[in-house]
Structure formats: structure tokens, C-alpha cells
Amino acid sequence: MRMKLIAWVMMMAIALSGMTALAQEVEMGYVSDFAQGEDGWYARSMGTAKVYVTEEKTLKIEGRTDNWNSPGRDFLLQQGTTYQLSVEVKQEQADAAKFMISVAHTAGGTES
């Protein structure tokens, strides 16, 4: 009976440590639900596009004149940190559309 108890305690300890590690891996650093407005998002364009929050509390962009015109937001990133990005997108312009998430880096005033 004692061996079974020790084995059960060890299995529980292993399971709990795995659950703790998993919880740390999925920690969210930033989430925006747009309940407080644009939350730092802006239109990437030459002045023709604009972003705003809809009544449904989603971010919408209008006035795009080029493919690179999109919502953008600045984040401070830390070296050696892994970042995972996800978004939910709705488009109403066509039956199908291609969508891309891109990351830009600015150093010395030059974006790449």
C-alpha cells in the first residue's frame, strides 16, 4: 500500500509540474479587445487610411489604397524571447482574400 501511495504522489507531482510549465508557456503578454478604443493601433499608410473601433468592438480599417496599408501597432520586444501572433480577421470585399501578418523592425529611422 505504501509503494502505491508513493507512486501516486510521484505521478501527481510530475503531472502538476507539467501543468505549471504548460501554463507558463501560454502566458499572454498582450491582448486587445478594443473595449477602450484603438488601444495604440494606427493605420499604416501615406495618410489615406484610417482605423477605428466599430460598435461591435472590433478594429476596422478603411481607405486602403495599397496592400501594405494595414493596422499597425508598436511593441517593445525583448531579445531572446519567443513571440506568437494570432488575429481574427473579417473581410467583406470579396468571396476570398489572402491575409498576411507581418512584422517590421525600425532601427536608425529605417524600417525593415
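Note that the structure is predicted; figures quoted are calculated from it, not measured. (Residues numbered from 1 in each chain as written. Predicted model: local features only at pLDDT ≥ 70, side-chain atom pairs only at ≥ 80, totals over all residues. Heavy atoms only, no water.)

J.: Would you mind going over the environment of S70 with me for this structure?
T.: Note on placement: S70 falls in strand β4 (residues 70-72). With residues near it in sequence (within four places) discarded, S70 still touches Y42, A43, R44 and I61. (Helix = DSSP H or I, 4+ residues; strand = E, 2+ residues; numbered from the N terminus. Contact = heavy atoms within 4.5 Å.)

J.: Even after reading the chapter, I still don't get the side chain of N69, so can you show me in this structure?
T.: Structurally, the position occupied by N69 is in the loop between β3 (59-62) and β4. For N69, a relative accessible area of 1% translates into the label buried. Reaching out from N69, the side chain makes a polar contact with the backbone nitrogen of T65 at a distance of 2.8 Å. (Buried < 20%, exposed > 50% of the residue type's maximum accessible area, 1.4 Å probe, protein only. Polar contact = N/O pair within 3.5 Å; in protein donor to acceptor, adjacent residues only side chain to side chain.)

J.: Would you mind showing me how to read the pairing of strand β2 (residues 50-53) here?
T.: For a regular strand, side chains alternate in direction, first toward one face of the sheet and then toward the other. Direction of pairing for β2 relative to β3: antiparallel, over a ladder of four bridges. What sits directly across from K50, in β3, is E62. In textbook terms, the turn of a hairpin is the stretch between consecutive antiparallel strands, and for β2 and β3 this stretch comprises five residues, one of which, K57, has a positive phi near 65°. (Pairing = 2+ DSSP bridges.)

J.: Is there a simple way to think about the packing of aromatic side chains in this case?
T.: Aromatic ring pairs are defined here through the distance separating the ring centres and the angle between the ring planes. Inspection of every chain in the model, using the stated rule, returns two aromatic pairs. Ring geometry for Y30 versus F75: centroids 5.0 Å apart, planes at 70°, classification edge-to-face. Pair noted here: Y30 is in the loop between α1 (2-25) and β1 (42-44) and F75 is in the loop between β4 and β5 (106-107), with a separation of 45 residues, a long-range link. You can call F75 partly exposed: its relative accessible area is 42%. Through successive ring pairs, a cluster of aromatic residues spans Y30, W41 and F75. (Phe/Tyr/Trp six-rings, centres within 6.5 Å; stacked < 30°, edge-to-face > 60°.)

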